Amino acid sequence: MLRNGQHQAQLLARSLGQLSRGAATAKKVTSKEEKSKLKPSPIEMPIEEALNASYLSKTLGSNYKAWSAALLKHPELKTVKRKDLLNSYDALKSLQYSVDDIITKPMIIYYGATTLSNRHSVLLECGFHNVTIQTLAKYVTVVNKPIDILKAHGFIPFDLKVPERLASLFTDIQLPLAKQELESESLTLKTIRQSLLNAYLRERLQMDDGDLQKLWRVYSRVRHKSFRSVQDTVELLTKELKFSAERLRKNSFLLHADADNVRRILQEIPTIDSQDIRDIGYRRPKILMSTCDSLKQTLQNVRSFGITEGAVLRCLEVLTLGPDTVLERLRDLQEIEEFQVLGTNPRVLRLVHYQNKARLRLDYLTQLKVRCASLHILSCGSEAFAKFARDGSDRTKGRDIVVYLGNVLSKDEQVLRNLLSRHPNWCHIPLLHVKQCLEYLKSKKFKLTEIFDNIHLLLYPIKRIEEKLLLLQSPEIQEELQLPVSDVHDLSNNEILTLILYLIESEFHFTGDGIWTEQHTHHVENFNNLLPDFPESLNKVYKYGVKPPAEKQIAQHL
């Protein structure tokens, strides 16, 4: 501990380990960027052209003129992604619709493949014996028509009892039919289906009126899902993923999940970082709403940036984003220095999931001249961020710094924290500055082991380090310090870094205030921690004692 000037040299010297000999270059700095912590991705996002008549005629068939007229009448078709278009076309083809059928109702391909297949299934369940493409295209209108009107137009056989037919589709339970309420053929298909689905959910998942009201208010699309599909999904979730009725009630959006897609996820992505996908799906049910292909692409995108699957487990919400969104945000991390430096942090995917919020917060804190914005602060809840901003404390808990240095220096995080915490102001230094300082020292040919031995130097302004590095080359300072060498280049790198640290702090009476620039002053009292002092191997102790014999000096230096 530095308690007075007389003990400074001895105490710091004890803190220094073996000094390795090396050559330190004092050439002028040439800025050299460290390789990005996020590995550049080889994946390129293709710039996709809007759909055009030429592509449609070549890919789907029919003729150029027909598709040109369709696009002129329905310009919104041009916004459909080609992959989605092909999926919708394949779904229609599997339902026995030809391209000539499609061209009569071209907007049909605007809908997703799953939606088209599901709507077709619903109409078949309701007793439609011939679902034409015109009927499928007018699905919403059709299900809002009364049963008698649909029978009058020949869509449903006259002798068919629609409620009984629909109720029979639920094979795992016996529905209590309210015959008097459902017998009237003036009821619409939509009303009958919703009444029967309510009855099923009451029996199967013990939903009450409040649960059902929330379901139809928030997840109204479930009413358009086929009964077989709803039943299949419930059975899969309860038996394969062990969802209880209560958990399904709390996550009722899962009723809109695609059972076949969930099966694909279980089969094709059995684990993430050795953790069973069933457990992951149970913890974050929303992941099961993503398509299997999307999840696989997202994982591939993450791996292409050198981010491990272990990091995915720390932010499973990233799997609920689209793969293109994840890829775009991962690339954006490389464009913002404050985000880039967090590339090796195991929680970096929180910056992907909350990137929009993190960007706004970073801009806001920059305006407030707050430099220390941790990953936690950038991605935490609104209340915690508001408290941080209100308190006006420009500091972190140091977590990001020790994680970063642990990766770069290959050192244990607790060891690093113990060392850094000897400086009372270390949590007031932004991680970005630590990174830039480390890059600067590496550009001056200092080894990582030498930087680690003088780790507190990473907290100091680069300008001051550069000044002292140049100062050491002057004969005046060599004479003033009375170094036992004739040329500064004869010193070891470790000794040079220690001297730089000593020279900086000697101007501030070893208070630790040397880390502040003119723009950022933050006085800390009671500074009793170990700070760099003049190394014993170079100290002739002129001011503090008797000059040692020359032989002893040489022996100490060697």
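Residues numbered from 1 in each chain as written. Predicted model: local features only at pLDDT ≥ 70, side-chain atom pairs only at ≥ 80, totals over all residues. Heavy atoms only, no water.

1. Let's talk about the packing of helix H28 (residues 431-443) against helix H30 (residues 462-471)
Line of reasoning, step 1. Here H28 crosses H30 at 25°, and the two axes come no closer than 10 Å. Judged on the interaxial angle alone, H30 and H28 are roughly parallel. Our pair here, H28 against H30, has a crossing hand that is right-handed. Here His433, Gln436, Cys437, Tyr440 and Leu441 of H28 come into contact with H30, specifically with Ile462, Ile465, Glu466 and Leu469.
Line of reasoning, step 2. Each residue belonging to the contact of H28 with H30 can be placed in one class, and the counts come to six nonpolar, two polar and one charged. (Axes fitted to C-alpha atoms, helices over the stretch in contact; angles between N-to-C directions. Helix = DSSP H or I, 4+ residues; strand = E, 2+ residues; numbered from the N terminus. Parallel < 35°, antiparallel > 145°, perpendicular 65-115°, else oblique. Left-handed = near helix turned anticlockwise from the far one by under 90°. Contact = heavy atoms within 4.5 Å. Nonpolar A, V, L, I, M, F, W, Y, C, P; charged D, E, K, R; others polar.)

2. Details of the side chain of His456
Line of reasoning, step 1. Within the secondary structure layout, His456 lies in the loop between helix H29 (448-453) and H30.
Line of reasoning, step 2. The contacts of His456, once residues within four sequence positions are left out, are Leu419, Leu420, Arg422, His423 and Leu501.

3. Quick word on unusual backbone geometry
Line of reasoning, step 1. In this structure, Asp273 is a non-glycine residue whose phi angle is positive, near 50°.
Line of reasoning, step 2. As for its placement among the helices and strands, Asp273 is situated in the loop between strand S1 (271-272) and strand S2 (275-276).
Line of reasoning, step 3. Classification of Asp273 by relative accessible area gives partly exposed; the value is 40%. (Buried < 20%, exposed > 50% of the residue type's maximum accessible area, 1.4 Å probe, protein only.)

4. With respect to the pattern of salt bridges
Line of reasoning, step 1. If you walk through the whole model with that rule in mind, you get 19 salt bridges.
Line of reasoning, step 2. Between Lys81 and Asp324 there is a salt bridge whose closest N-O contact spans 3.5 Å. Residue Lys81 is located in the loop between helix H3 (64-73) and helix H4 (82-94), and its partner Asp324 is located in helix H20 (residues 323-333); the two are separated by 243 residues in the primary sequence.
Line of reasoning, step 3. Judged by its relative accessible area of 45%, Lys81 falls in the partly exposed class.
Line of reasoning, step 4. Under the relative-accessibility criterion, Asp324 is labelled partly exposed at 39%.
Line of reasoning, step 5. The partner of Asp260 in a salt bridge is Arg263, with the nearest N and O atoms 3.2 Å apart. In this pair, Asp260 and Arg263 both sit in helix H16 (residues 259-268), three residues apart, roughly one turn of the helix. (Salt bridge = Lys/Arg side-chain N within 4 Å of Asp/Glu carboxyl O.)

5. Some words on the confidence of the model for the protein
Line of reasoning, step 1. Mean pLDDT over the protein stands at 81; residues scoring 70 or higher make up 82%.
Line of reasoning, step 2. Averaged over each element, pLDDT in the protein is lowest for helix H1 (residues 8-15) (33) and highest for S1 (96).
Line of reasoning, step 3. Across residues 1-36 the pLDDT falls below 50, and counting only partners more than four positions away or on other chains, this stretch makes 78 contacts in the model.
Line of reasoning, step 4. Ignoring residues within four places in sequence, the model shows residues 521-558, a span with pLDDT below 50, making 96 contacts including any to other chains. (pLDDT = per-residue confidence, 0-100.)

6. As for the environment of Tyr364
Line of reasoning, step 1. Of note, Tyr364 is situated in helix H23 (residues 355-367).
Line of reasoning, step 2. The partly exposed category is assigned to Tyr364, whose relative accessible area is 39%.

7. Description of the state of the cysteines
Line of reasoning, step 1. Inspection of the entire model under this criterion finds zero disulfides.
Line of reasoning, step 2. Here Cys372 is not disulfide-linked; the sulfur of Cys427 is the nearest cysteine sulfur, at 8.5 Å.
Line of reasoning, step 3. Note on Cys372: relative accessible area 2%, which makes it buried. (Disulfide = S-S within 2.5 Å.)

8. Section: helix H6 (residues 113-125)
Line of reasoning, step 1. Here H6 contains 13 residues, and its C-alpha end-to-end distance of 18 Å stays within 8% of the 18 Å for a straight helix at 1.5 Å per residue.
Line of reasoning, step 2. Within H6, burial applies to Leu116, Asn118, Arg119, His120, Val122, Leu123 and Glu125.
Line of reasoning, step 3. Buried residues in H6 make contact with H4, helix H7 (133-137), helix H8 (139-143), helix H10 (162-167), helix H12 (189-205) and helix H14 (227-239). (Expected span 1.5 Å × (residues − 1).)

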